[in-house]
Protein chains: 2
Amino acid sequence: MKIRIGIAGYGNLGRGMEYAVAQNPDMELRCILTRRDPSALTPITPGVETLSAGETRWLAGEVDVMVLCGGSAADLPAQTPEFARLFNVVDSFDTHAKIPEHFEAVDRAAKSGGKTAVISAGWDPGLFSLNRLLAEAVLPRGGGYTFWGKGVSQGHSDAIRRIDGVLDARQYTVPAQSALDAARSGQSPDLSVRQKHTRECYVVAAEGADRSRIEREIVTMPHYFAEYDTTVRFISAEELAQNHAGMPHGGFVIRGGKTGDGGRHSQMIEFGLRLDSNPEFTASVLAACARAAYRLNREGVTGCKTLFDIPPACLSAQSGEELRRTIL
Amino acid sequence: MKIRIGIAGYGNLGRGMEYAVAQNPDMELRCILTRRDPSALTPITPGVETLSAGETRWLAGEVDVMVLCGGSAADLPAQTPEFARLFNVVDSFDTHAKIPEHFEAVDRAAKSGGKTAVISAGWDPGLFSLNRLLAEAVLPRGGGYTFWGKGVSQGHSDAIRRIDGVLDARQYTVPAQSALDAARSGQSPDLSVRQKHTRECYVVAAEGADRSRIEREIVTMPHYFAEYDTTVRFISAEELAQNHAGMPHGGFVIRGGKTGDGGRHSQMIEFGLRLDSNPEFTASVLAACARAAYRLNREGVTGCKTLFDIPPACLSAQSGEELRRTIL
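The rules we used
Residues numbered from 1 in each chain as written. Chains lettered and ligands numbered in written order. Predicted model: local features only at pLDDT ≥ 70, side-chain atom pairs only at ≥ 80, totals over all residues. Heavy atoms only, no water. Least-squares fit on C-alpha atoms with pLDDT ≥ 70 in both. Contact = heavy atoms within 4.5 Å. Buried < 20%, exposed > 50% of the residue type's maximum accessible area, 1.4 Å probe, protein only. Helix = DSSP H or I, 4+ residues; strand = E, 2+ residues; numbered from the N terminus. Pairing = 2+ DSSP bridges. Right-handed = clockwise from strand over helix to strand, strands pointing away. Salt bridge = Lys/Arg side-chain N within 4 Å of Asp/Glu carboxyl O. Axes fitted to C-alpha atoms, helices over the stretch in contact; angles between N-to-C directions.

Chemist: In this structure, what is going on with the relation of the copies chain B and chain A? I would like to understand it.
Modeler: Mapping between the two chain copies consists of a rotation about an axis together with a translation along that axis. Once chain B is rotated about the relating axis by 180° and shifted along it by 0.0 Å, it coincides with chain A to within an RMSD of 0.0 Å. The operation mapping one copy onto its partner corresponds to a two-fold rotation axis. Of the residues that chain B buries at the interface, 100% are likewise interface residues in chain A, meaning the two copies contact each other through the same surface.

Take a look at the structure:
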């Protein structure tokens, strides 16, 4: 019996989820829910049903885990609790400051329906968070750092696009090599926001637009760019389409600690990701978490969980015996 | 109420454990058990009791978790099940091929006593195993690699010391840069044993010993060296003591996978350790696992566990709420 997956939301993440389900032999895609016209979708999975978001209730016995592929700002705060009453669910809610309230809302909903929810799955929050937890638990006396990139930040790209005279833009977050070296030195240095990352902007300007004004508006923009060393390069729409169409990302979680007599021994833990496709990788994590949600629910564990609460073996298609024999 | 820790076995790992307990404010060291004369031990923790290994039974109500710091060959196969009847226990059993039978024996013992055991905790098996599991679960279509070093292998150093005419020796396992580069390429290359690691031997020979015979015996030794490119350097006892007295180690778990349409996107996951002291880092993992054993037992979860079975939050001194608020 395969785990029957539903996908709610069919943007980049939803499509990545469809590919992820296809890679996992213990899963099958049951349906895709969309707020657009369902007949206009062209799924890659042969024969999969496409339904309008409102048809949810008919699916309660047909889907083991609903994977919510909407956005954290507008979709998930309402959608995840709503679906968690009827389905085991997984989401990638990534507004770090609002995770506690999202957790509470989803926990209440999932418990009321006897369902299991996994929230904030992906890589940050997600695998990066898990590595922060492990490294801090193992090396309590030390300093930890998270670096992001090199990768495309959708939010920063959008912020540039809102500037008058900008037709399109792509922003890369880039970890500074000097800061990476300092973090890896094991000396637990203090690193400022400006020291850790730089921002590279590729901008398509409208014909005749004042490029120096645009550049000034970018580099002085509070919250987004003012705290960083930012470079702006104006390129053509063709160059943007050709060289900057992908969604690469990645980064590093680094922790250095001291152990032993007077803390004389330096111990370094580092976790890194280098991703050609941010949404497809996030979807790959969601798939493993969907497996965990399904299994935990069958074991009678209900309510809201994060990667912090899931026994790692639940994420794997292999049994506990196989895992101990082959990869422990 | 602090978690009361006992340490059984006071070699490099046991002493590392003593330092690790001192770094964790929610733990206190209750006693050290030794097979030597207890009065001959000089613990670093003020006022800690030292007891002979036979006095175990008196401690059943006095120790929350007994951390077993003996060796995998001679000590743990008998010791861990024996202690698991009376105490929550943690060990670093690292004979990979025998983990399944060790698990079964410890599971029976722990369940019979209503106790919780965590076996094979450390970094490999341990954190490396956990990263192999996570990377395979997230990227099922891909290739995984584990590299060890640069670090001292005790077993290989001992094998050299048994050669006639050798007074002392230190062997380093070194990952080959070309193999690391290939693993990181994302092309899932086949890498042979010889390609992945080289072995560097520092040997102190007896005066007048036949050095070319010693070197030949090392590089042709089956299982230990014959399958590797091995270099041998003869040095003085003083140089060995001065430059090779430490126990550094480390390594990398690397997995590259393909996602998306036709597998066109490459995704790389890498976990790495760089350790000045192998035993102190292993002990740091044992301390986090001791916390988990204690908590799981209080929740009524008994029997044998590995890092694959432990919800990661159990390893951390912080509460679930704190973890969600601060590092998720």
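Here the narrative resumes.
Chemist: What should I look at first to understand the pairing of strand 5 (residues 88–91) of chain A in this one?
Modeler: Regular strands show a simple pattern: their side chains alternate between the two faces of the sheet. All names here are of chain A. Burial along strand 5 is two-sided: Asn-88 and Val-90 facing one way and Val-89 and Asp-91 facing the other are all buried. One ladder, built from four bridges, connects strand 4 (residues 65–68) with strand 5; its direction is parallel. Each residue of the ladder has a partner; that of Val-65, found in strand 5, is Asn-88. Handedness of the β-α-β unit built from strand 4, helix 2 (residues 76–84) and strand 5 comes out right-handed. Note: strand 5 against strand 6 (residues 116–118), two bridges, orientation parallel. Residue pairing for strand 6: Val-90 is matched across the bridge by Val-118. Where the polypeptide runs from strand 5 across helix 3 (residues 99–113) and back to strand 6, its parallel neighbour, the crossover connection is right-handed.

Chemist: Explain the side chain of Asp64(B) here, please?
Modeler: Residues and elements named next belong to chain B. Assignment of secondary structure puts Asp-64 in the loop between strand 3 (49–52) and strand 4 (65–68). For Asp-64, a relative accessible area of 11% puts it in the buried group. Ignoring sequence-local partners within four residues, the contact set of Asp-64 consists of Lys-2, Ile-3, Arg-4, Asn-88 and Tyr-294.

Chemist: How do you make sense of the pattern of salt bridges when you look at a structure like this?
Modeler: Opposite charge on two side chains permits them to pair, given that their charged atoms come into close proximity. All names here are of chain A. As enumerated under the stated definition, the model contains 28 salt bridges over all chains in all. Between Asp-26 and Arg-291 there is a salt bridge, with the nearest N and O atoms lying 2.7 Å from each other. You can see Asp-26 sitting in the loop between helix 1 (12–23) and strand 2 (27–34) and its partner Arg-291 sitting in helix 10 (residues 278–298), a full 265 residues away along the chain. A residue is classified by how much of its surface remains accessible, and Arg-291, at 1% relative accessible area, is buried. Put simply, Arg-30 and Glu-49 hold a salt bridge, and the shortest N to O gap is 2.5 Å. One end of the pair, Arg-30, is in strand 2; the other, Glu-49, is in strand 3 (residues 49–52), with 19 residues separating them in the sequence. Taken together, the salt bridges that share partners define one network made up of Arg-30, Glu-49 and Glu-62.

Chemist: I'm lost on unusual backbone geometry in this one. Help?
Modeler: Negative phi characterises most residues that are not glycine, and trans characterises most peptide bonds. Residue and element names in this part refer to chain A. Residue Asp-124 is joined to Pro-125 through a cis peptide bond whose omega torsion reads 5°. The residue Pro-125 is located in the loop between strand 6 and helix 4 (127–138) in this model. At Ser-188, a position not held by glycine, the phi torsion is positive, near 50°. Its place among the elements puts Ser-188 in the loop between helix 6 (177–184) and helix 7 (193–196).

Chemist: Help me understand the sheet that holds strand 9 (residues 166–175) of chain A, please; the structure alone is not making it clear to me.
Modeler: Strand pairs in the sheet, formed through backbone hydrogen bonds, run parallel or antiparallel to each other. Residue and element names in this part refer to chain A. Taking strand neighbours across the sheet as the criterion, the four strands line up as 8-9-10-11 in an open arrangement whose pairing is mixed. Each having just a single partner strand, strand 8 (151–152) and strand 11 (229–234) make up the two edges of the open sheet. Taken together, the six bridges between strand 10 (residues 197–205) and strand 11 define a ladder with parallel strand orientation. Note that in strand 11 the partner of Arg-199 across the bridge is Thr-230. Against the sheet, helix 8 (residues 211–219) engages strand 9, strand 10 and strand 11, with an angle of about 150° to strand 11.

Chemist: Is there a simple way to explain the environment of Ser153(B) in this structure?
Modeler: If you trace the backbone, Ser153(B) turns up in the loop between strand 8 (151–152) and helix 5 (154–161). Not counting the four nearest positions on each side in its chain, Ser153(B) is found in contact with Gln171(B) and Thr173(B).

Chemist: What's the story with the environment of Arg264(B) in this structure? I'm lost.
Modeler: Looking at the element boundaries, Arg264(B) is found in the loop between strand 12 (249–259) and strand 13 (265–275). Excluding residues that lie within four positions of it along the chain, Arg264(B) makes contacts with Asp276(A) and Thr259(B).

Chemist: Just checking my understanding: could you explain the sheet that holds strand 9 (residues 166–175) of chain B for this structure?
Modeler: All names here are of chain B. Read across the sheet, four strands follow the order 8-9-10-11 without closing on themselves; strand pairing throughout is mixed. At either end of the open sheet lies a strand with only one pairing partner, and these are strand 8 and strand 11 (229–234). Judged from the two bridges that link them, strand 8 and strand 9 form a sheet pairing that is antiparallel. Of the residues in strand 9, the one forming a bridge with Val-152 is Tyr-172. Here helix 5 sits on the sheet and contacts strand 8, strand 9 and strand 10 (197–205); the angle it forms with strand 9, its principal contact strand, is near 145°.

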